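Below, each chain spelled out in residue letters.
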Amino acid sequence: MWKRSKVTDQTAEGQMGIRKKSKVPGVMIMQFKEELPEGMTTPDFTRKPIALTIQEGKFAVFKAKIVGNPTPTVTWSRASEEIIFHPNVCEPKYDKTSQEHTLEGVN
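None of these values were measured; they are calculated from a predicted model.

1. With respect to the overall build of the chain
For the chain, the helix and strand inventory stands at zero helices and nine strands. Its helices and strands in sequence order give the chain the pattern β-β-β-β-β-β-β-β-β, from N to C terminus. Across the 107 residues of the chain, 21% fall into the buried class. In the chain, once contacts between residues fewer than 6 apart in sequence are set aside, the share between residues at least 24 apart is 31%. Accessible area for the chain stands at about 8500 Å²; split by element, carbon and sulfur atoms hold 52% of it.

See below:
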């Protein structure tokens, strides 16, 4: 069941977003089209990342599963800012077999 509400602020240049409650507790989905074409779905989590508190310099792994049609593009962010990836510090991965997105990094 989706809960719909209009977002009053601009979420992307020239676009208004529709906030939808995910099937996963604590997750909100932003949809930028009022109506979706037939056969298309709003992206949603089937498993969301778990918040971690770790010591500086320790290894962290975040995992998530997202579904939707067409296949969603996944971006990782922290405190509303997109994460900039550096191969020696933080690296996103995708496993086609498990359909799992993973972010591995050192704090």
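Text resumes after the structure shown.
2. Describing the side chain of Thr 42
Locating Thr 42 in the fold gives a position in the loop between β3 (28–31) and β4 (44–47). If sequence neighbours within four positions are ignored, Thr 42 has contacts with Lys 20, Ile 29, Gln 31, Leu 36, Val 67 and Gly 68.

3. Description of the pattern of salt bridges
Counted according to the given criterion, the structure contains two salt bridges. As a salt-bridge pair, Glu 100 and Arg 47 come within 2.2 Å of each other at their nearest N and O atoms. One end of the pair, Glu 100, is in strand β9 (residues 100–106); the other, Arg 47, is in strand β4, with 53 residues separating them in the sequence. The buried category is assigned to Glu 100, whose relative accessible area is 12%. Using a relative accessible area of 35% as the deciding quantity, one classes Arg 47 as partly exposed. Note that Glu 104 and Lys 93 form a salt bridge whose closest N and O atoms lie 3.0 Å from each other.

Here is what the cut-offs are and how they apply
Residues numbered from 1 in each chain as written. Predicted model: local features only at pLDDT ≥ 70, side-chain atom pairs only at ≥ 80, totals over all residues. Heavy atoms only, no water. Helix = DSSP H or I, 4+ residues; strand = E, 2+ residues; numbered from the N terminus. Buried < 20%, exposed > 50% of the residue type's maximum accessible area, 1.4 Å probe, protein only. Contact = heavy atoms within 4.5 Å. Areas by Shrake-Rupley, 256 points an atom, 1.4 Å probe, with all protein chains shown as cover. Salt bridge = Lys/Arg side-chain N within 4 Å of Asp/Glu carboxyl O.

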